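What follows is each chain in one-letter form.
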Amino acid sequence: MNLRDIRVEYRKNPIGLSVKRPRFSWKMESDEKETVQKSYQIVVKKCIPDLNSRPEGAGPWSGPKQQLEEIVWDTGVTESDESVLLEYDGTELEPECVYHVRIQTEDNHGNRAYADTTFETGIFDNQSFHGDMITHNFAGEETACPVFWKEFSIGKKVARARLYATAHGVYEVCLNGKKVEDYYMAPGWTSYHHRLQYQIYDVTEQLSRANRIEMTVGNGWYKGILGFYCQPDQYGDRVSAFAELRIVYEDGSRESIATDPSWGVRTGKIRYSEIYMGETVDTDAPEIQTGQVSVMDFDKSVLTAQENEPVRITERIPAEKLIVTPKGEKLVDFGQNITGFAEVHVHGKKGQKIQIRHAETLDKDGNFYPETLRQAKSADTYICSGQDQILHPHFTFHGFRYICVEGMETMEPGQFTACVLHSDMEKTGSFWTSNPKVNQLQSNIAWSQRDNFLDIPTDCPQRDERLGWTGDAQIFSWTAAFNRNTALFFSKWMRDVAAESSLEKGVPHVVPDILRQYSAAAWSDVAVIIPWVVYQIYGDRRILEENWKCMHEWVDHIQSHCGENGLWQSGFQYGDWLALDKEESADRTGATDKYMIANAYYLYAADLVRRSAEVLGRHEEARRYAQLYEQTLEAFRKEYYTPTGRIVSETQTGAVLSLYFHLAREQDRPRILKNLLTNIENHKNHLSTGFVGTPYICHALSENGAHQTAGTLFMKEDYPSWLYAVNQGATTIWERWDSIKQDGSFDESGMNSLNHYAYGSVGDWLYRKAAGLSQLEPGYKKFLVRPMFVKGIEETGVSFESVYGKIEVQTSCRNGKIRVYVQVPANTSAVLILPEKEGEITLGSGSYEYEYETDTSLEVKRFSLDSTLSEVLAQPLAVEMFNRMAPGMLEGPMIQFAYQMTFAEMLGAAPEARPLYEAVIDALNEQEQ
């Protein structure tokens, strides 16, 4: 038995930690089955520099000193199986100190193991910062990015140096000509008036006797063009910088170099920079202006240490091919729709101008098509120096697969690299199948998450929007938390949701909030849903504690806007956004009653608040919200269901919400399910749902005895379906089911992103139902393995790095055999329900394999209920069977109108014919063998 992956607040060996009560996590590994942690001991020691000792071979300016240690917390041997997010409870931690942690455990087999880690605290009191927020005096029309700089000398040996930096804008810091870290778009986007992140950099090894620090600041989200109307100055009309270098010398003395009026400022090579529009970089002979630095009023209380993973280049994709379009445009195809920028390796002429424009796709004639970007120009311009150069922008990002290159006479693929940018979250989940198209869909889901999780969860990365839409984020949150570790990412963003929300206003539609629009069901419910998701996936109670006020105030806000009947039936709603069951020209909200949707989510949110209150030990509040839920549910049923179980909106989404959220009376559920199935059949086994219904439709079917229909719906390949986009060559998830039409033309509504993760929320169904992995207890301390077969998918595999360890499930059904493999991490347990078997099997940790015979075949047959009558009647056997089993049916005068109908559609009008149709289909498929 051994311990691995020791974390402090989800991080490995963090520095600059501003959490006063950090939490510790570890994972156990054992070759023995049914291993459970019996006890643990955590010992935390404060490291004290030994000023009288110096390690051999230390350099002249820096080098670690030997440490003396003082115990600040010792849990003693504690009988417990807890190993996730155990909270520090020792002597108050001191700022800017290094702490050593030793974790020792014993398992139920008597094996012992230990592991060590360290963490370094940062600043606990923001008022202890000495620096000022400084700005420049350049004219308002000056577009060049200011460069703030300071020269300083040090004359003693350095033990440790930490740079704290932030900006109103986005910044890069260079120390002695070298960028201090590989971060991009720092300090990130927050609700700047309430919260401003700063980053902490270890610059110990970059210091020398004489030093120069430079901090370049771009407009970014703070001052730059932003929003649908491309308006600048959303938060302020002038960028500014804040930095403080804190040095600890080997003799124990300390020094700070901080932003103040003694700093200089000038313009540099970045002549223009906007997130939407792109960047201009002059590396030849830019006109440099020198300005004056002044101090701005700044409330240091809004400062907060970096909370989520920084944005980094996480992958470099080489050019796949060069294209010359029918219009003569020179393009580079990278083969994948990404977020980031193109890096260009060039030896140009002095003063040569190169422009790189970006687009997601080509038009049907093969020409460059930037129309999905709307007003975003997304053009990077470079002026060459005449030297060998690698050129790229600094303070912008683009959504693209193709670039159009202007100003280069000759081009080679090796000159171009696509640099993928996003928050550097760990990859935790993998999902694969035997079906290449489903695998491509999973790839598209994963890429759309990467492309849109850039410091905040954006709706799209390419056009003049890129906003933190709350509805998109909440419906995708379960899927997102499987693919990547989103604990820190969502925790950071939820602090901005809370900062922008109130009991009076409600919860914004986008966060950070630049639209000033509040309170819409499914969107504003993010305040409740995402904290619950993080708690369930990672076992993190703290996010519920931090967001408790925002969570319950959102439900209270809805309650305050309810009518006398106790229901929310006023104000703006998005409804089932972009659903296909209503003409879009009306309002894009779909055919489902928008207030039915609003109240369905009201009930969902109230129930989650009740459950959260129970987790937090708030028993009185739990009782209150339980009562509110029951009262509202009764009112909902009176308003939206007839006494016989008809729904006011008998749409797919109306039925799905009724079933999935358990809103319908128990006796009405069979009728609602039947109506849902009929609706799907009437749509030729296709969905018609929008943003609200889509995440749940397959779940609702699988959980209510109609999993086969869920599989059929999912596996459709024509419009509208998930695999339609795959067949059209998509490498990310589209905003619309038909963003690119069959003939290669485009939706021209002005709202047509090819990189929108919302419909990728089906991933959660793939992982939980098709692959069969669901948590039963928070953090997957106990989990369910229940694979459910899907026709056309003979094998599935899922791997998930939970907070306890790696879970694996592999299932196959082919050649008359069912095989199931399950890996259960130490200190967890699983409940296994094998396909086509009765009962449950409880598993402790270890690996398990099962194999048994079956008559089930998951191969897709030629004929199915999706076959048209004309396709079937082309087979003589079918004609013979119809004449024998349903004499006269094929002779009716109306039969010709049914030739192009599928059997699924025909069942909508005559459900009693199902046995006949299935018998004919089975006979035809048997004939094919």
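Cut-offs applied
- Residues numbered from 1 in each chain as written.
- Predicted model: local features only at pLDDT ≥ 70, side-chain atom pairs only at ≥ 80, totals over all residues.
- Heavy atoms only, no water.
- Salt bridge = Lys/Arg side-chain N within 4 Å of Asp/Glu carboxyl O.
- Helix = DSSP H or I, 4+ residues; strand = E, 2+ residues; numbered from the N terminus.
- Buried < 20%, exposed > 50% of the residue type's maximum accessible area, 1.4 Å probe, protein only.
- Expected span 1.5 Å × (residues − 1).
- Core = buried A, V, L, I, M, F, W, Y, C linked by side-chain atoms within 4.5 Å.
- Contact = heavy atoms within 4.5 Å.
- Polar contact = N/O pair within 3.5 Å; in protein donor to acceptor, adjacent residues only side chain to side chain.
- 1 Å grid on protein atoms, 1.4 Å probe; cavity = no way out; pocket = protein on both sides within 12 Å on 5 of 7 lines; lining within 4 Å.
- Points joined across faces, edges and corners; volume = space filled by probe spheres on them.
- Nonpolar A, V, L, I, M, F, W, Y, C, P; charged D, E, K, R; others polar.
- Pairing = 2+ DSSP bridges.
- UniProt positions renumbered as here; feature names shortened; annotations may be inferred.
- Disulfide = S-S within 2.5 Å.
- Axes fitted to C-alpha atoms, helices over the stretch in contact; angles between N-to-C directions.
- Phe/Tyr/Trp six-rings, centres within 6.5 Å; stacked < 30°, edge-to-face > 60°.
- Lys NZ or Arg CZ within 6 Å of the ring centre and 35° of its normal.

S.K.: Would you mind showing me how to read the pattern of salt bridges here?
M.R.: Applying the stated criterion across every chain, the model contains 75 salt bridges. For K781, the salt bridge identified is with D81, shortest N-O distance 3.3 Å. Here the residue K781 occupies a position in the loop between β37 (773–775) and β38 (782–785), and D81 occupies one in the loop between β5 (78–79) and β6 (86–87), the gap between them amounting to 700 residues. Its relative accessible area of 14% is what places K781 among the buried residues. With a shortest N-O distance of 2.7 Å, D764 and R768 are connected by a salt bridge. Of this pair, D764 and R768 both sit in helix α15 (residues 763–770), 4 residues apart, which is roughly one turn of that helix. Here the two residues D764 and R768 agree in accessibility, since each one is buried. In this structure, a network of salt bridges that share partners links the residues R4, D5, R7, K12, K27, E29, E426 and E801.

S.K.: Quick question: what am I supposed to make of helix α4 (residues 487–500) here?
M.R.: Every α-helical turn comprises 3.6 residues, leaving residues that sit three or four positions apart pointing alike. Taking 1.5 Å of rise per residue, 14 residues should cover 20 Å, and α4 covers 20 Å from first to last C-alpha, within 8% of that figure. Most of α4 is tucked away, with 11 of its 14 residues classed as buried. For α4, every residue scored as buried is listed here: A487, L488, F489, F490, S491, K492, W493, M494, D496, V497 and E500.

S.K.: Explain the nonpolar core here, please?
M.R.: When a protein is soluble and globular, its nonpolar side chains tend to lie buried together. Counting 187 residues, the largest nonpolar core has W221, L441, Y601, F714 and W722 as its most contacted members. If one sorts the elements of this core by residue count, helix α8 (residues 594–615) sits on top with 14 residues. With sequence-adjacent residues up to four places away left out, F714 is seen in contact with V438, L441, C698, W722, L723, V762, W765, L766 and I793. V158, L175, Y183 and W263 belong to the second largest nonpolar core, which has 32 residues in total.

S.K.: Is there a simple way to explain the side chain of T854 in this structure?
M.R.: Checked against the element boundaries, T854 lands in the loop between β44 (846–853) and α16 (869–873). T854 sits in the buried class, given a relative accessible area of 11%. Within the structure, the side chain of T854 is placed 2.7 Å from the side chain of E836, a separation counted as a polar contact. Other than its neighbours up to four places away in sequence, T854 contacts C813, G816, K817, I818 and E836.

S.K.: Teacher, can you tell me more about the layout of surface pockets here?
M.R.: A probe as big as a water molecule, rolled over the atoms, marks out the empty space that is left. Here the largest pocket is characterised by a volume of approximately 1500 Å³. Elements represented by at least two residues in the lining of the largest pocket include exactly α11 (669–682), α13 (707–714), α18 (903–909) and α19 (914–928). In terms of residue count, the dominant contributor to the lining of the largest pocket is α19 (6 residues). Among the residues forming the lining of the largest pocket, the class breakdown is 13 nonpolar, 17 polar and 16 charged. Estimated volume of the second largest pocket: approximately 1200 Å³. When contributions to the lining of the second largest pocket are tallied by element, the ones reaching two or more residues are β14 (196–202), β23 (303–305), α4 and α6 (542–560). Here the lining of the second largest pocket is composed, by residue class, of 13 nonpolar, 9 polar and 18 charged.

S.K.: Could you clarify how one ought to interpret the pairing of strand β1 (residues 2–8) in this entry?
M.R.: Side chains on a regular strand alternate between the two faces of the sheet. Judged by how many residues are buried, β1 sits mostly within the fold: 5 of 7 residues are covered. As defined by bridge partners, β1 adjoins strand β2 (residues 23–29) across 5 bridges and the pair is classed as antiparallel. Its bridge partner lying in β2, L3 is registered against M28.

S.K.: Just to check I follow, could you spell out unusual backbone geometry for this structure?
M.R.: Where the residue is not glycine, phi is negative for most of them; where a peptide bond is considered, it is trans in most cases. Note that the residue after V511, namely P512, is joined by a cis bond; omega there is -5 degrees. Considering the arrangement of structural elements, one finds P512 in the loop between α4 and α5 (526–538).

S.K.: I'm lost on the UniProt feature "domain: Alpha-L-rhamnosidase C-terminal" (unreviewed entry) in the protein in this one. Help?
M.R.: Taking the numbering used here, the UniProt-annotated feature "domain: Alpha-L-rhamnosidase C-terminal" (unreviewed entry) corresponds to residues 772–841. Segment residues 772–841 splits into 0% helix and 51% strand. End C-alpha atoms: 14 Å apart.

S.K.: How should I be thinking about the state of the cysteines in this particular structure?
M.R.: Where two cysteines share a covalent bond between their sulfur atoms, that bond is called a disulfide. Throughout the structure, instances matching the rule amount to 0 disulfides. Between C230, a cysteine without a disulfide, and C460, which holds the nearest cysteine sulfur, the sulfur-to-sulfur distance is 12 Å. Taking relative accessible area as the criterion, C230 reaches 15% and is therefore assigned buried. Take C698: it sits in no disulfide, and the sulfur closest to it among the cysteines is that of C813, at 20 Å. Residue C698 is classed as buried on the basis of its relative accessible area of 2%.

S.K.: I'm lost on the sheet that holds β38 in this one. Help?
M.R.: One key point about sheets: their strands pair by backbone hydrogen bonds, in either a parallel or an antiparallel sense. In spatial order, the strands read β37-β38-β42-β43; together these 4 strands make up an open sheet with mixed pairing. Strands with a single pairing partner mark the edges of an open sheet, and in this sheet they are β37 and β43 (841–843). Across this sheet, the average inter-strand angle for adjacent strands is 25 degrees, counted without regard to direction. In this structure, strand β42 (residues 829–832) lies alongside β43, joined through 3 bridges in antiparallel fashion. When the sheet's bridge partners are listed, L832 is paired in β43 with I841.

S.K.: Would you mind showing me how to read the environment of D388 here?
M.R.: Relative to the elements of secondary structure, D388 occurs in strand β31 (residues 388–391). Taking the C-alpha atoms as reference points, D388 and G348, 40 residues apart in sequence, are found 7.3 Å from one another. When residues no more than four places from it in sequence are discounted, the contact partners of D388 are H345, V346 and H347. Within the local environment of D388, its side chain forms a polar contact with the side chain of H345, the two groups lying 3.2 Å apart.

S.K.: Can you walk me through the packing of aromatic side chains in this structure?
M.R.: Here a ring pair, both rings aromatic, is described through the centre-centre distance and the interplanar angle of the planes. Under the criterion given, the structure shown has 56 aromatic pairs. Put simply, the rings of F228, W469, W523, F572, Y574, W577, F691, F714, W722, W737, Y759 and W765 pair up and form one aromatic cluster. Over the ring of W149 we find R212; its NZ or CZ atom is 4.3 Å from the centre of that ring. Taking NZ or CZ as reference, R450 lies 4.2 Å from the ring centre of W447, over its face.

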